[in-house]
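Structure assessment
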Amino acid sequence: MPQPSAEKMSSVYLYIPNIIGYFRIIINFIAFAVCYSNKPLFAILYFFSFVLDGVDGWFARKFNQASTFGAVLDMVTDRVSTACLLALLSQCYRPGLVFLMLLGLDITSHWFQMYSSFLSGKTSHKDVKHTSNWLLKLYYGYRPFMAFCCVSCEVLYIILFLFADEKSTSLLSSCSEAKSPHCPGVHFNSSWLGSETSYQRHPDENSCGHVRRV
């Protein structure tokens, strides 16, 4: 199989849809960096990145700049951004396992579709011309339906995050200030584990080994 030249490969990295893909990565980084401190800005940036997901595909078809690199970049950016949002939701709502299951379903379903397409010699996981699965034909073969499903899911996730309880501190601050429930001065609430048990040090105790359950 002939290998693509270095010049051709370097030009692929500068395709318009791929440049849009790089821009989406930057937007997502900024969005998740401010997700707790500025939820409205997060929602705007995240949704803007989602809209660009459709724009880069249009540019790829318009200028005949579809590439394997671009397809992988687009897929990875989509999956990582959605996975991060689902991970956030799993911390905001209980049971968080629901969102983690959705995360696993999202990743595995796309992986299986990509892998099966590769084994069958297809150049795109959206090529469903010869598949017998009616759901895949409906989803990938009818773009309005696929757009409706994608937009509905992402908008639902964004709304759920906007309506979630406000976080008092950022994630980094929480991690840096976290202490063991067995050390002095700590107030540890284990409600995220499914119980309402909390622990605090007795005011008369000075050692890490004396913790009172309340």
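Residues numbered from 1 in each chain as written. Predicted model: local features only at pLDDT ≥ 70, side-chain atom pairs only at ≥ 80, totals over all residues. Heavy atoms only, no water.

To keep things clear, this is the line we draw: UniProt positions are given in the numbering used here, feature names are shortened, and annotations may be inferred rather than shown by experiment.
Labelled according to an unreviewed UniProt entry, the chain appears under the name CDP-diacylglycerol--inositol 3-phosphatidyltransferase, originating from Urochloa decumbens. For the chain, the Catalytic activity (unreviewed entry) comment in UniProt is given as "a CDP-1,2-diacyl-sn-glycerol + myo-inositol = a 1,2-diacyl-sn-glycero-3-phospho-(1D-myo-inositol) + CMP + H(+)". In its Subcellular location (unreviewed entry) section, the UniProt record describing the chain reads: "Membrane".

**Notes on the packing of aromatic side chains**
The test is simple: Pairing of aromatic side chains requires ring centres within 6.5 Å, counting the rings of Phe and Tyr and the six-membered ring of Trp. Pairs whose planes differ by under 30 degrees are stacked, by over 60 edge-to-face, and all others tilted. Where helices and strands are cited, they refer to DSSP runs of H or I of at least four residues and of E of at least two residues respectively, numbered from the N terminus. In this scheme, a residue with accessible area under 20% of its type's maximum is buried, one over 50% is exposed, and one in between is partly exposed, where area comes from a 1.4 Å probe on protein chains only.
Scanning all chains against the criterion turns up 11 aromatic pairs. Plain terms: the ring middles of Phe 42 and Phe 161 are 5.1 Å apart, the flat faces sit at 65° to each other, and that makes the pair edge-to-face. Here Phe 42 is found in helix α3 (residues 39-62), whereas its partner Phe 161 is found in helix α7 (residues 143-162), with 119 residues between them in sequence. Here Phe 42 matches Phe 161 in class, with each residue buried.

**Quick notes on the pattern of salt bridges**
For the record, the criterion: The term salt bridge refers to a pairing of a side-chain nitrogen on Lys or Arg with a carboxyl oxygen on Asp or Glu at a separation within 4 Å.
Counting across every chain of the model gives 4 salt bridges. A salt bridge links Arg 24 to Asp 78, with the shortest nitrogen-to-oxygen separation between them at 2.7 Å. Placement of Arg 24 in helix α2 (residues 16-33) and of Asp 78 in helix α4 (residues 68-92) is noted, with a sequence separation of 54 residues between them. By relative accessible area, Arg 24 is classed as buried at 2%.

**Some details on the UniProt feature "transmembrane region" (unreviewed entry) in the chain**
UniProt records the feature "transmembrane region" (unreviewed entry) at residues 12-34, 40-59 and 145-164, using the numbering of this structure. What you have in residues 145-164 is 90% helix and 0% strand, and the ends, taken at the C-alpha atoms, are 29 Å apart.

**What about unusual backbone geometry?**
With glycine set apart, most residues show a phi of negative sign, and most peptide bonds adopt trans. Residue Pro 95 is reached from Arg 94 by a cis peptide bond, and omega for that bond is 0°. Mapping Pro 95 onto the fold places it in the loop between α4 and α5 (97-119). Backbone geometry at Asn 64 places phi at a positive 55°, although glycine is not the residue there. Structurally, Asn 64 is set in the loop between α3 and α4. Given the relative accessible area of 68%, Asn 64 is considered exposed.

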